[in-house]
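Structure at a glance
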Amino acid sequence: MTTVTRRRALRYFGMSVALGAVIAALPSAAQDRTSVKIGYAISKTGPNSGGAGITTLPNYVLWVKEVNDAGGLEMPDGKKLPIEVIEYDDRSSAEEVVRSIERLATQDKVDFILPPWGTGFNLAVAPLFDRFGYPQLAVSAVTDKAPEFVKRWKKSYWLLGGGHDYTSALAGLLTEAAGDGTINKKIAMISVADGFGIDLVTAARPSFKDAGFEVVYDVTYPAGTTDFTPMINEAAGSGADTFVAFSYPPETFAITQQAQVAKFNPKILYLGVGTGFPVYGEKNGANAEGIMSLGGIDPKNEANVAYRKRHQDVTGQAPDLWGSVITYNSLQMLQEAIKRRGLDRDAVADELSNGTFQTVLGEVKLEDNQLRKLWFGGQWQNGQFVAVAPVDREGAAPAILPKPAWK
């Protein structure tokens, strides 16, 4: 054998050994996998912890427990892998939630990342989910810009509707009440200076104007505001029969209490996030009656009733009456997409965009990465926060107006 031939043979032998080693390593790596890493950053402390601790985190806990109790997430080949959770407290800080999501993607290298709580935080981390190739199932985010965001971030999914959906539903209810003489056509409105409040109030202004209402008081307040007495007094003096506050939970509870102290009793009182929390009804008792907000549920929906019982049994607390069931639905969608397509994030994203899923909401299929079959208005009636809009949807209760006087 010549020297050249010998060298060539040795080179080919070395290449074949290396290739064989790579091929042999692939099934070994798959067999060695013992879990699916799922991470999230959530507000466990700080002002957002109330909302996150009711709507989002308990559903993560419930879902992980139920999946792992059943043996884990099922793969396309039938194998099941338990979920390994990596979580961070974002401390209600936008800077911290961004750092945490980046850490989950680059250092922890998790398979999937679950979204944070709140419109502002979901918008803050959306570019990171996109940059690192993770599907973002944004549940607790209300935005009219979802169609635009889907084009910008193709693996983003927006499941709670847009501000215009909710304000149009409210405008419809107000129009009916004004038509029968229950209320006048004046509205006093305040909103938190955050992604949620900005989206809602931006949608509300044209919705109310198109319905023939006059917004006689329109004030935006900074997040963290605790004293609403000046705003309540000005709203009371405005002559409006309707008071609307696009607020976050701490403010929602504060406005409710301060309105009672001020004896401010508008015929229609519509508040923001937190109104649909069970603790809101418990804390306010009979004084919750007639208060309206976003969301609501059909209390006769059997799938929802069963979900609520499991949530209570596992977490020790009841889910909220708006976003909780939608959050759990998003996790079921992710679980089924993984079962069909495995752990390839691009494939899972494709399935989320195009697949049909059976969840606690019934049959679900996204439209342009958005969930559109939603309850857009709810009201406390006889101790339950029931859905009242869309009025023509099966399961909607008739709105009871005007709101009763404070007890």
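In this text, all values refer to a predicted model and were calculated from it rather than measured experimentally.

Observations regarding the side chain of Ser100
- Residue placement: Ser100 occurs in helix H3 (residues 94-106).
- Ser100 gets classed as buried once you look at its relative accessible area, which sits at 0%.
- Setting aside its immediate chain neighbours within four residues, Ser100 contacts Ala41 and Tyr88.

Some thoughts on the pattern of salt bridges
- Taken as a whole and judged by the stated rule, the model has 18 salt bridges.
- Across the pair Asp69 and Lys65 runs a salt bridge, and its minimum N-O distance is 2.7 Å. Here Asp69 and its partner Lys65 are both found in helix H2 (residues 49-69), four residues apart, which amounts to about one turn of the helix.
- By relative accessible area, which is 59% here, Asp69 ends up exposed.
- A relative accessible area of 38% means that Lys65 is categorised as partly exposed.

As for the packing of helix H12 (residues 323-341) against helix H13 (residues 345-354)
- At a closest axis distance of 9 Å, the pairing of H12 and H13 adopts a crossing angle of 120°. Between H12 and H13, the crossing angle belongs to the class labelled oblique. For the element pair H12 and H13, the recorded crossing hand is right-handed. Between H12, through Met333, Leu334, Ala337, Ile338, Arg340 and Arg341, and H13, the contact on the second element is made entirely by Ala347, Val348, Asp350, Glu351 and Leu352.
- Each residue belonging to the contact of H12 with H13 can be placed in one class, and the counts come to seven nonpolar, no polar and four charged.

Let's talk about the layout of surface pockets
- Its volume calculated, the largest pocket comes out at about 490 Å³.
- Lining the largest pocket are 23 residues; nearest its centre among them are Asn301, Leu361, Lys373, Trp375 and Arg393.
- The dominant element in the lining of the largest pocket, judged by the number of residues it contributes, is strand S14 (residues 362-364), at three residues.
- Its residues assigned to classes, the lining of the largest pocket comprises 10 nonpolar, five polar and eight charged.
- Its volume calculated, the second largest pocket comes out at about 310 Å³.
- Around the second largest pocket, the lining comprises 18 residues; the ones closest to its centre are Pro47, Asn48, Ala223, Tyr248 and Glu251.

Overview of the packing of aromatic side chains
- Counted under the stated rule, the structure contains 13 aromatic pairs.
- Ring geometry for Phe253 against Tyr280: centres 5.3 Å apart, planes inclined by 75°, an arrangement best described as edge-to-face. Residue Phe253 is located in helix H9 (residues 249-261), and its partner Tyr280 is located in helix H10 (residues 278-284); the two are separated by 27 residues in the primary sequence. Both residues of the pair, Phe253 and Tyr280, belong to the buried class.
- Lying across the ring of Trp153, Arg152 places its NZ or CZ 4.9 Å from the centre.
- The positively charged end of Lys403 is found above the aromatic ring belonging to Trp406, 3.7 Å away from the centroid.

Examining the confidence of the model for the chain
- Averaged over every residue, the pLDDT of the chain is 93; residues scoring 70 or more account for 92%.
- Below pLDDT 50 for its whole length, residues 1-30 participates in two contacts with residues either more than four positions away or in separate chains.

The rules behind each value
Residues numbered from 1 in each chain as written. Predicted model: local features only at pLDDT ≥ 70, side-chain atom pairs only at ≥ 80, totals over all residues. Heavy atoms only, no water. Helix = DSSP H or I, 4+ residues; strand = E, 2+ residues; numbered from the N terminus. Buried < 20%, exposed > 50% of the residue type's maximum accessible area, 1.4 Å probe, protein only. Contact = heavy atoms within 4.5 Å. Salt bridge = Lys/Arg side-chain N within 4 Å of Asp/Glu carboxyl O. Axes fitted to C-alpha atoms, helices over the stretch in contact; angles between N-to-C directions. Parallel < 35°, antiparallel > 145°, perpendicular 65-115°, else oblique. Left-handed = near helix turned anticlockwise from the far one by under 90°. Nonpolar A, V, L, I, M, F, W, Y, C, P; charged D, E, K, R; others polar. 1 Å grid on protein atoms, 1.4 Å probe; cavity = no way out; pocket = protein on both sides within 12 Å on 5 of 7 lines; lining within 4 Å. Points joined across faces, edges and corners; volume = space filled by probe spheres on them. Phe/Tyr/Trp six-rings, centres within 6.5 Å; stacked < 30°, edge-to-face > 60°. Lys NZ or Arg CZ within 6 Å of the ring centre and 35° of its normal. pLDDT = per-residue confidence, 0-100.

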